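Observations on the model geometry
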Amino acid sequence: MAPTAGGQYHWISEFSPRGAQKILSYLVGWLTVFGWQVGLASVSYAAALQIESFAILVNPDITFQGWHATLFTIAIALMAVVFNTILVEKLPQLEFVVLILHVAAYIAFEVVLLTMGPQSSPQEVFEQWTNENGWPNLSTAVLVGEFELRDIRHFAMS
Amino acid sequence: MVGAAAVNFSISFLMLLTVLFRAGDIDAALNSRTGQPYIEILLNTTGSTAGTAVMVAYITLSLMFCAVNIATTGSRQLFSFARDKGLPFSRFLSKVST
(Lines give C-alpha, C1' and ligand atoms only; values in the text may rest on other atoms or scores of the structure.)
Protein backbone atom coordinates (compact mmCIF):
# COMPACT_ATOMS: atom_id res chain seq x y z
CA MET A 1 0.00 0.00 0.00
CA ALA A 2 1.44 3.35 -1.00
CA PRO A 3 1.03 6.14 1.51
CA THR A 4 -1.18 8.72 -0.15
CA ALA A 5 -3.65 11.25 1.18
CA GLY A 6 -5.26 11.28 -2.25
CA GLY A 7 -7.26 8.11 -1.65
CA GLN A 8 -9.76 7.27 -4.35
CA TYR A 9 -8.40 9.51 -7.10
CA HIS A 10 -4.93 8.06 -6.62
CA TRP A 11 -6.15 4.47 -6.99
CA ILE A 12 -8.44 5.31 -9.92
CA SER A 13 -5.33 6.55 -11.69
CA GLU A 14 -3.38 3.37 -10.79
CA PHE A 15 -6.03 0.99 -12.06
CA SER A 16 -7.58 2.70 -15.10
CA PRO A 17 -6.40 2.30 -18.71
CA ARG A 18 -3.57 4.61 -19.71
CA GLY A 19 -5.67 6.89 -21.91
CA ALA A 20 -8.36 7.49 -19.30
CA GLN A 21 -6.09 7.90 -16.26
CA LYS A 22 -5.99 11.69 -16.20
CA ILE A 23 -9.65 12.48 -16.83
CA LEU A 24 -11.02 9.77 -14.50
CA SER A 25 -8.62 10.71 -11.72
CA TYR A 26 -9.48 14.40 -12.14
CA LEU A 27 -13.25 13.77 -11.99
CA VAL A 28 -13.01 11.49 -8.96
CA GLY A 29 -10.67 13.98 -7.28
CA TRP A 30 -13.27 16.72 -7.58
CA LEU A 31 -16.02 14.38 -6.39
CA THR A 32 -14.15 13.30 -3.25
CA VAL A 33 -12.89 16.80 -2.42
CA PHE A 34 -16.40 18.19 -2.74
CA GLY A 35 -17.88 15.17 -0.96
CA TRP A 36 -15.75 15.76 2.14
CA GLN A 37 -16.41 19.50 2.16
CA VAL A 38 -20.16 18.96 1.89
CA GLY A 39 -19.89 16.13 4.41
CA LEU A 40 -18.79 18.62 7.06
CA ALA A 41 -21.92 20.71 6.38
CA SER A 42 -24.25 17.71 6.51
CA VAL A 43 -22.84 16.16 9.67
CA SER A 44 -22.87 19.58 11.38
CA TYR A 45 -26.52 19.90 10.39
CA ALA A 46 -27.24 16.40 11.72
CA ALA A 47 -25.63 17.34 15.04
CA ALA A 48 -27.64 20.60 15.10
CA LEU A 49 -30.87 18.60 14.72
CA GLN A 50 -29.82 16.37 17.63
CA ILE A 51 -29.33 19.45 19.81
CA GLU A 52 -32.87 20.58 18.97
CA SER A 53 -34.29 17.07 19.56
CA PHE A 54 -32.50 16.92 22.90
CA ALA A 55 -34.06 20.26 23.92
CA ILE A 56 -37.53 19.13 22.84
CA LEU A 57 -37.06 15.88 24.77
CA VAL A 58 -36.24 17.62 28.06
CA ASN A 59 -38.62 20.53 27.54
CA PRO A 60 -41.62 19.63 25.32
CA ASP A 61 -42.82 23.27 25.25
CA ILE A 62 -39.82 24.51 23.30
CA THR A 63 -40.22 25.37 19.60
CA PHE A 64 -37.52 25.99 17.02
CA GLN A 65 -37.43 28.17 13.91
CA GLY A 66 -35.52 27.07 10.81
CA TRP A 67 -32.72 29.58 11.36
CA HIS A 68 -31.96 28.13 14.80
CA ALA A 69 -30.69 24.96 13.09
CA THR A 70 -28.67 27.13 10.69
CA LEU A 71 -26.91 28.90 13.57
CA PHE A 72 -26.26 25.61 15.40
CA THR A 73 -24.84 24.16 12.15
CA ILE A 74 -22.47 27.11 11.66
CA ALA A 75 -21.36 26.93 15.30
CA ILE A 76 -20.57 23.19 15.08
CA ALA A 77 -18.69 23.56 11.76
CA LEU A 78 -16.69 26.42 13.33
CA MET A 79 -15.89 24.23 16.34
CA ALA A 80 -14.64 21.53 13.96
CA VAL A 81 -12.34 24.05 12.26
CA VAL A 82 -11.06 25.37 15.61
CA PHE A 83 -10.13 21.83 16.73
CA ASN A 84 -8.23 21.41 13.44
CA THR A 85 -6.34 24.71 13.60
CA ILE A 86 -5.90 26.48 16.94
CA LEU A 87 -6.31 23.34 19.06
CA VAL A 88 -4.74 20.95 16.56
CA GLU A 89 -2.01 19.92 19.01
CA LYS A 90 -4.69 18.56 21.34
CA LEU A 91 -6.37 16.58 18.55
CA PRO A 92 -4.61 13.20 19.12
CA GLN A 93 -5.52 13.20 22.84
CA LEU A 94 -9.08 14.16 21.98
CA GLU A 95 -9.34 11.36 19.42
CA PHE A 96 -8.11 8.86 22.01
CA VAL A 97 -10.68 9.98 24.59
CA VAL A 98 -13.46 9.85 21.99
CA LEU A 99 -12.35 6.36 20.90
CA ILE A 100 -12.67 5.03 24.46
CA LEU A 101 -16.00 6.83 24.93
CA HIS A 102 -17.22 5.45 21.62
CA VAL A 103 -16.48 1.79 22.38
CA ALA A 104 -17.92 2.14 25.89
CA ALA A 105 -21.07 3.81 24.57
CA TYR A 106 -21.56 1.09 21.94
CA ILE A 107 -21.54 -1.55 24.68
CA ALA A 108 -23.79 0.57 26.90
CA PHE A 109 -26.33 1.10 24.08
CA GLU A 110 -26.33 -2.63 23.26
CA VAL A 111 -26.85 -3.61 26.90
CA VAL A 112 -29.67 -1.11 27.42
CA LEU A 113 -31.43 -2.05 24.18
CA LEU A 114 -30.99 -5.81 24.70
CA THR A 115 -32.16 -5.94 28.30
CA MET A 116 -34.95 -3.36 28.48
CA GLY A 117 -38.25 -2.67 26.85
CA PRO A 118 -40.78 -4.52 24.71
CA GLN A 119 -39.51 -6.85 22.00
CA SER A 120 -40.78 -7.05 18.43
CA SER A 121 -41.42 -10.51 17.01
CA PRO A 122 -39.01 -12.02 14.46
CA GLN A 123 -41.89 -11.87 11.95
CA GLU A 124 -42.06 -8.08 12.35
CA VAL A 125 -38.29 -7.71 12.03
CA PHE A 126 -37.62 -10.04 9.10
CA GLU A 127 -40.89 -10.35 7.19
CA GLN A 128 -42.62 -6.99 7.42
CA TRP A 129 -41.87 -4.59 4.57
CA THR A 130 -43.24 -1.07 4.34
CA ASN A 131 -43.26 1.45 1.52
CA GLU A 132 -45.09 4.44 2.94
CA ASN A 133 -43.45 7.24 0.98
CA GLY A 134 -45.23 6.53 -2.29
CA TRP A 135 -42.35 5.01 -4.26
CA PRO A 136 -43.70 2.94 -7.17
CA ASN A 137 -42.31 -0.35 -5.84
CA LEU A 138 -40.46 -1.85 -2.89
CA SER A 139 -37.14 -2.18 -4.73
CA THR A 140 -36.98 1.57 -5.41
CA ALA A 141 -37.99 2.31 -1.83
CA VAL A 142 -35.20 0.05 -0.52
CA LEU A 143 -32.57 1.68 -2.76
CA VAL A 144 -33.69 5.20 -1.85
CA GLY A 145 -33.71 4.10 1.77
CA GLU A 146 -30.01 3.24 1.49
CA PHE A 147 -29.19 6.91 1.96
CA GLU A 148 -31.13 6.98 5.20
CA LEU A 149 -29.48 3.73 6.29
CA ARG A 150 -26.08 5.32 5.83
CA ASP A 151 -27.17 8.14 8.14
CA ILE A 152 -28.26 5.62 10.76
CA ARG A 153 -24.91 3.87 10.44
CA HIS A 154 -23.28 7.26 10.95
CA PHE A 155 -25.21 7.70 14.19
CA ALA A 156 -24.34 4.24 15.39
CA MET A 157 -20.77 3.94 14.21
CA SER A 158 -19.18 7.27 13.49
CA MET B 1 -8.37 -2.82 5.48
CA VAL B 2 -10.85 -5.52 4.41
CA GLY B 3 -10.78 -6.87 7.95
CA ALA B 4 -11.66 -3.44 9.35
CA ALA B 5 -14.61 -3.20 6.97
CA ALA B 6 -15.77 -6.70 7.96
CA VAL B 7 -15.60 -5.93 11.68
CA ASN B 8 -17.34 -2.61 11.10
CA PHE B 9 -20.11 -4.30 9.14
CA SER B 10 -20.59 -7.01 11.77
CA ILE B 11 -21.00 -4.70 14.74
CA SER B 12 -23.17 -2.32 12.69
CA PHE B 13 -25.39 -5.24 11.73
CA LEU B 14 -25.65 -6.33 15.37
CA MET B 15 -26.76 -2.80 16.34
CA LEU B 16 -29.20 -2.71 13.41
CA LEU B 17 -30.83 -5.99 14.50
CA THR B 18 -30.96 -4.83 18.13
CA VAL B 19 -32.72 -1.59 17.18
CA LEU B 20 -35.14 -3.41 14.86
CA PHE B 21 -36.10 -5.82 17.64
CA ARG B 22 -36.80 -2.84 19.93
CA ALA B 23 -38.43 -0.67 17.27
CA GLY B 24 -41.95 -1.14 18.67
CA ASP B 25 -44.63 0.97 17.00
CA ILE B 26 -43.06 2.18 13.73
CA ASP B 27 -45.70 4.88 13.18
CA ALA B 28 -45.18 6.28 16.67
CA ALA B 29 -41.44 6.39 16.01
CA LEU B 30 -41.87 8.14 12.66
CA ASN B 31 -44.20 10.75 14.19
CA SER B 32 -41.93 11.41 17.17
CA ARG B 33 -42.37 14.92 18.59
CA THR B 34 -38.58 15.16 18.82
CA GLY B 35 -38.34 14.75 15.03
CA GLN B 36 -35.96 11.78 15.46
CA PRO B 37 -37.46 8.27 15.22
CA TYR B 38 -34.57 6.69 17.11
CA ILE B 39 -35.30 8.89 20.15
CA GLU B 40 -38.86 7.53 20.27
CA ILE B 41 -37.43 3.99 20.15
CA LEU B 42 -35.05 4.79 23.03
CA LEU B 43 -37.92 6.36 25.02
CA ASN B 44 -40.09 3.33 24.37
CA THR B 45 -37.27 0.98 25.39
CA THR B 46 -35.96 2.69 28.52
CA GLY B 47 -39.29 4.19 29.62
CA SER B 48 -37.29 7.05 31.11
CA THR B 49 -36.86 10.58 29.77
CA ALA B 50 -33.72 11.14 31.81
CA GLY B 51 -32.12 7.92 30.57
CA THR B 52 -33.02 8.73 26.99
CA ALA B 53 -31.66 12.27 27.40
CA VAL B 54 -28.26 10.87 28.45
CA MET B 55 -28.16 8.62 25.38
CA VAL B 56 -29.22 11.43 23.03
CA ALA B 57 -26.61 13.72 24.61
CA TYR B 58 -23.95 11.12 23.82
CA ILE B 59 -25.11 10.81 20.21
CA THR B 60 -25.08 14.61 19.83
CA LEU B 61 -21.55 14.74 21.23
CA SER B 62 -20.49 11.88 18.97
CA LEU B 63 -21.82 13.68 15.88
CA MET B 64 -19.93 16.83 16.90
CA PHE B 65 -16.68 14.87 17.05
CA CYS B 66 -17.65 13.33 13.75
CA ALA B 67 -17.63 16.91 12.37
CA VAL B 68 -14.13 17.41 13.81
CA ASN B 69 -12.94 14.22 12.08
CA ILE B 70 -14.54 15.13 8.77
CA ALA B 71 -12.83 18.53 8.89
CA THR B 72 -9.52 16.71 9.48
CA THR B 73 -10.02 14.32 6.57
CA GLY B 74 -11.57 16.94 4.29
CA SER B 75 -8.72 19.39 4.75
CA ARG B 76 -6.13 16.70 3.95
CA GLN B 77 -8.07 15.60 0.89
CA LEU B 78 -8.21 19.21 -0.28
CA PHE B 79 -4.48 19.65 0.38
CA SER B 80 -3.63 16.42 -1.42
CA PHE B 81 -5.62 17.28 -4.55
CA ALA B 82 -4.17 20.79 -4.58
CA ARG B 83 -0.64 19.34 -4.27
CA ASP B 84 -1.39 17.32 -7.40
CA LYS B 85 -2.49 20.60 -9.05
CA GLY B 86 -6.13 19.52 -9.44
CA LEU B 87 -7.78 22.65 -8.04
CA PRO B 88 -7.95 26.37 -8.69
CA PHE B 89 -5.53 28.21 -6.33
CA SER B 90 -3.65 24.90 -5.96
CA ARG B 91 -0.40 26.66 -5.08
CA PHE B 92 -2.05 28.50 -2.17
CA LEU B 93 -4.06 25.48 -0.97
CA SER B 94 -1.11 23.09 -1.02
CA LYS B 95 1.17 25.34 1.02
CA VAL B 96 1.94 23.87 4.44
CA SER B 97 2.73 26.40 7.13
CA THR B 98 4.42 25.47 10.37
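Residues numbered from 1 in each chain as written. Chains lettered and ligands numbered in written order. Predicted model: local features only at pLDDT ≥ 70, side-chain atom pairs only at ≥ 80, totals over all residues. Heavy atoms only, no water.

1. Considerations on the packing of helix H4 (residues 91-115) of chain A against helix H1 (residues 2-21) of chain B
Contact geometry of H4 of chain A with H1 of chain B gives a least axis separation of 10 Å together with a crossing angle of 30°. When the interaxial angle is binned, H4 of chain A and H1 of chain B end up roughly parallel. H4 of chain A and H1 of chain B meet at a crossing whose hand is left-handed. Together, Tyr106, Phe109, Glu110, Leu113 and Leu114 of chain A of H4 of chain A and Ile11, Leu14, Met15, Thr18 and Val19 of chain B of H1 of chain B make up the contact between the two elements. (Axes fitted to C-alpha atoms, helices over the stretch in contact; angles between N-to-C directions. Helix = DSSP H or I, 4+ residues; strand = E, 2+ residues; numbered from the N terminus. Parallel < 35°, antiparallel > 145°, perpendicular 65-115°, else oblique. Left-handed = near helix turned anticlockwise from the far one by under 90°. Contact = heavy atoms within 4.5 Å.)

2. A short note on the interface of chain B and chain A
With 59 residues of chain B at the contact, the number on the chain A side is 62 residues. Between chain B and chain A the total buried area reaches about 5600 Å² when both faces are included, carbon and sulfur atoms providing 71% of it. Taken as a group, Phe21, Arg22 and Gln77 of chain B account for 13% of the area that chain B buries against chain A, more than any other trio of residues on that side. Here chain B and chain A share zero salt bridges between them. Counting the contacts that link chain B with chain A gives 21 residue pairs in polar contact (both at pLDDT 80 or more). (Buried area = accessible area lost by both parts, 1.4 Å probe. Salt bridge = Lys/Arg side-chain N within 4 Å of Asp/Glu carboxyl O. Polar contact = N/O pair within 3.5 Å; in protein donor to acceptor, adjacent residues only side chain to side chain.)

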